[in-house]
Amino acid sequence: MGYWPWYSRLDPEHRFEYLSWLASGRTHLPPNDGFLFLYFYGIERRLLVDEADRAWGLKEIVRLRKLDEPRIGSRDGRSFRSYSTGLLWYEIARAPALFDDRSVQLAMSLTERWTPELLTAPLAWLGEKERPLPASMARQIAASDPTAQRSVVTKRVPEEFNELFETRYLDAYGGDGMSLKLSKRAAWHTYRPASGGLEEMRVQVPNPMGIKSQFKKLPDIWNSCIAALRKLSRVSASIDGDAMTVDAWEAMPDELRSDIDHPLAASVTEIMTEHSAVGESVDEDAPAFATSMVPAGRFAELVGIERRPKLTATQSRKVATTVEHTGYGLVPDAG
């Protein structure tokens, strides 16, 4: 059976398999993506040609995508995910009044790969509804800008990059993000059906991208995030496993460090607890744990420096900085 099937050309065996899947209630994906596309062709025709059962058709696409979730991240089902997402956005583009914030957010979450052409639909909806541009969408616009750097940073530390971009984007625009201005000149949103029996569909939509000046800060934010994470990217490339290391933590920008404990925080606390009885508080009202007398060599060992009678200035700075990152401060023993 071909990848792009015609029901009239199916042999009896494949026709039986397809009809059996339909009769079973379609509670799982069919055994062959050809069957899945055959069913999808019917949804396309019902929505685009018959213009009927829109609510059912859209819910059915979302239901099929839910069944497809285990295949996300692989090549399996990639074509189906692309076409089904495109059909969702085409429906949003041609009837924006029928879709609320929750529906559009769902469509965004189902979009596996963005293209400049696909972006016209969500941007049109956001602009027309006067909704702020989400950080995830701002990141996609920045990525498509020719002045945005292409770097392995976005692949090596994607979660950190996305989080840092969102933080800096919201800091730059305040609130929930930038408000979109609409160009006087409309744009065309296009959908190319999966079915070979249907022609290309186009609809005019509002056009925020017609005013490119409003997006000029986005590639700058993108580039600043790459610069800030370049050191972390290099460190991550040499790390085996997912454990956070001292070098990786210290290579992170301040915006990301605030929500992540230093890898040595627990170890430093144990040392402080161990030596707390030796120290005396410099403040009668402060707890006895306020100061602790700890041999510098104990902390030096934590950062990979062998115990020795005297530390160099560089080693001392490294120890002091690391301990400070864990929430404590070091001062020399005046006695």
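Here the structure is shown first, and the text comes after it.
The following refers to the structure shown. (Residues numbered from 1 in each chain as written. Predicted model: local features only at pLDDT ≥ 70, side-chain atom pairs only at ≥ 80, totals over all residues. Heavy atoms only, no water.)

## Things to note about the overall build of the protein
Okay, step 1: The helix and strand tally for the protein stands at 15 helices and 2 strands.
Okay, step 2: A total of about 19300 Å² of accessible surface is found on the protein, and carbon and sulfur atoms cover 50% of it. (Helix = DSSP H or I, 4+ residues; strand = E, 2+ residues; numbered from the N terminus. Areas by Shrake-Rupley, 256 points an atom, 1.4 Å probe, with all protein chains shown as cover.)

## Thoughts on the layout of surface pockets
Okay, step 1: Considering only enclosed or pocket space, the second largest pocket measures out at about 460 Å³ in volume.
Okay, step 2: What lines the second largest pocket is a set of 16 residues, and nearest its centre among them are S82, Y83, G86, T115 and L118.
Okay, step 3: Per element, the largest residue contribution to the lining of the second largest pocket is 6 residues, and it comes from helix α4 (residues 78-94).
Okay, step 4: In the lining of the second largest pocket, the residues fall into 3 nonpolar, 7 polar and 6 charged. (1 Å grid on protein atoms, 1.4 Å probe; cavity = no way out; pocket = protein on both sides within 12 Å on 5 of 7 lines; lining within 4 Å. Points joined across faces, edges and corners; volume = space filled by probe spheres on them. Nonpolar A, V, L, I, M, F, W, Y, C, P; charged D, E, K, R; others polar.)

## Structural notes on the pattern of salt bridges
Okay, step 1: For the structure on display, the rule yields 15 salt bridges.
Okay, step 2: E51 is the partner of R94 in a salt bridge, and the nearest nitrogen-oxygen pair spans 3.6 Å. Of this pair, R94 sits in helix α4 while E51 sits in the loop between α2 (33-48) and α3 (54-68); the two residues are 43 residues apart in sequence, bridging distant segments of the chain.
Okay, step 3: Classification of R94 as partly exposed rests on a relative accessible area of 22%.
Okay, step 4: Looking at E51, the relative accessible area reads 57%, which means it is exposed.
Okay, step 5: As a salt-bridge pair, E60 and R63 come within 2.8 Å of each other at their nearest N and O atoms. Taken together, the residues span about one helical turn, with E60 and R63 both in helix α3 at a distance of 3 residues.
Okay, step 6: With relative accessibility at 5%, the residue E60 sits in the buried group.
Okay, step 7: Each of D33, D68, R71, R81 and E112 takes part in salt bridges that share partners, so that together they form one network. (Salt bridge = Lys/Arg side-chain N within 4 Å of Asp/Glu carboxyl O. Buried < 20%, exposed > 50% of the residue type's maximum accessible area, 1.4 Å probe, protein only.)

## Notes on the packing of aromatic side chains
Okay, step 1: Across all of its chains, the model carries 14 aromatic pairs by this definition.
Okay, step 2: Pairing W89 with W114 gives two aromatic rings, centres 5.8 Å apart and planes at 50°, and the pair type is tilted. Note that W89 is positioned in helix α4 and W114 in the loop between α5 (101-110) and α6 (116-128), a separation of 25 residues in sequence. An identical accessibility class is assigned to W89 and W114; each is buried.
Okay, step 3: A cation over an aromatic ring shows up here: K217 above the ring of Y173, its NZ or CZ 5.3 Å from the ring centre. (Phe/Tyr/Trp six-rings, centres within 6.5 Å; stacked < 30°, edge-to-face > 60°. Lys NZ or Arg CZ within 6 Å of the ring centre and 35° of its normal.)

## Some thoughts on the nonpolar core
Okay, step 1: Core analysis: the largest hydrophobic core is formed by 72 residues, its most contacted members being F40, L87, W89, L133, F165, Y169 and L218.
Okay, step 2: Broken down by element, this core gets its largest block of residues, 10 residues, from α2.
Okay, step 3: Ignoring anything within four residues of it in the chain, the contact list for F40 reads I61, F80, Y83, S84, L87, Y191 and A194. (Core = buried A, V, L, I, M, F, W, Y, C linked by side-chain atoms within 4.5 Å. Contact = heavy atoms within 4.5 Å.)

## A short note on the side chain of S233
Okay, step 1: Tracing the backbone shows S233 in helix α10 (residues 217-237).
Okay, step 2: Look at S233 and you get buried, because its relative accessible area is 1%.
Okay, step 3: Excluding its chain neighbours within four sequence positions, the residues that come into contact with S233 are V152, V153, R156 and V157.

## What to know about the environment of A52
Okay, step 1: Structurally, A52 is set in the loop between α2 and α3.
Okay, step 2: A52 sits in the partly exposed class, given a relative accessible area of 22%.
Okay, step 3: With residues up to four places along the chain from it excluded, the contact list for A52 reads R46 and L47.

## With respect to empty space enclosed by the protein
Okay, step 1: The tally for this structure, following the rule as stated, stands at 1 cavity of 30 Å³ or more.
Okay, step 2: Volume-wise, the largest cavity comes out at about 30 Å³.
Okay, step 3: Lining the largest cavity we find L264, V268, F299, L302, V303, V319, T322 and V323.
Okay, step 4: Elements that contribute at least two residues to the lining of the largest cavity include exactly α14 (296-302) and α15 (313-325).
Okay, step 5: Each residue belonging to the lining of the largest cavity can be placed in one class, and the counts come to 7 nonpolar, 1 polar and no charged.

## Remarks on the environment of R63
Okay, step 1: A relative accessible area of 27% means that R63 is categorised as partly exposed.
Okay, step 2: Put simply, R63 and R26 are 37 residues apart on the chain and 9.9 Å apart in space, counted from C-alpha to C-alpha.

## Describing the packing of α2 against α3
Okay, step 1: Relative to each other, α2 and α3 sit at 155°, their axes nearing to 9 Å. In terms of their interaxial angle, α2 and α3 are classed as roughly antiparallel. Regarding α2 and α3, the two cross each other, and that crossing is left-handed. Seen from α2, the contacting residues are L36, Y39, F40, I43 and L47; seen from α3, they are R54, W56, G57, L58, E60, I61 and L64.
Okay, step 2: Counted by class, the contact of α2 with α3 contains 9 nonpolar, 1 polar and 2 charged residues. (Axes fitted to C-alpha atoms, helices over the stretch in contact; angles between N-to-C directions. Parallel < 35°, antiparallel > 145°, perpendicular 65-115°, else oblique. Left-handed = near helix turned anticlockwise from the far one by under 90°.)

## Details of the side chain of R26
Okay, step 1: Checked against the element boundaries, R26 lands in the loop between α1 (12-23) and α2.
Okay, step 2: At 3.3 Å, the side chain of R26 forms a polar contact with the side chain of E60.
Okay, step 3: Apart from the residues within four sequence positions on either side, R26 is in contact with W21, Y39, E60, R63 and L67. (Polar contact = N/O pair within 3.5 Å; in protein donor to acceptor, adjacent residues only side chain to side chain.)

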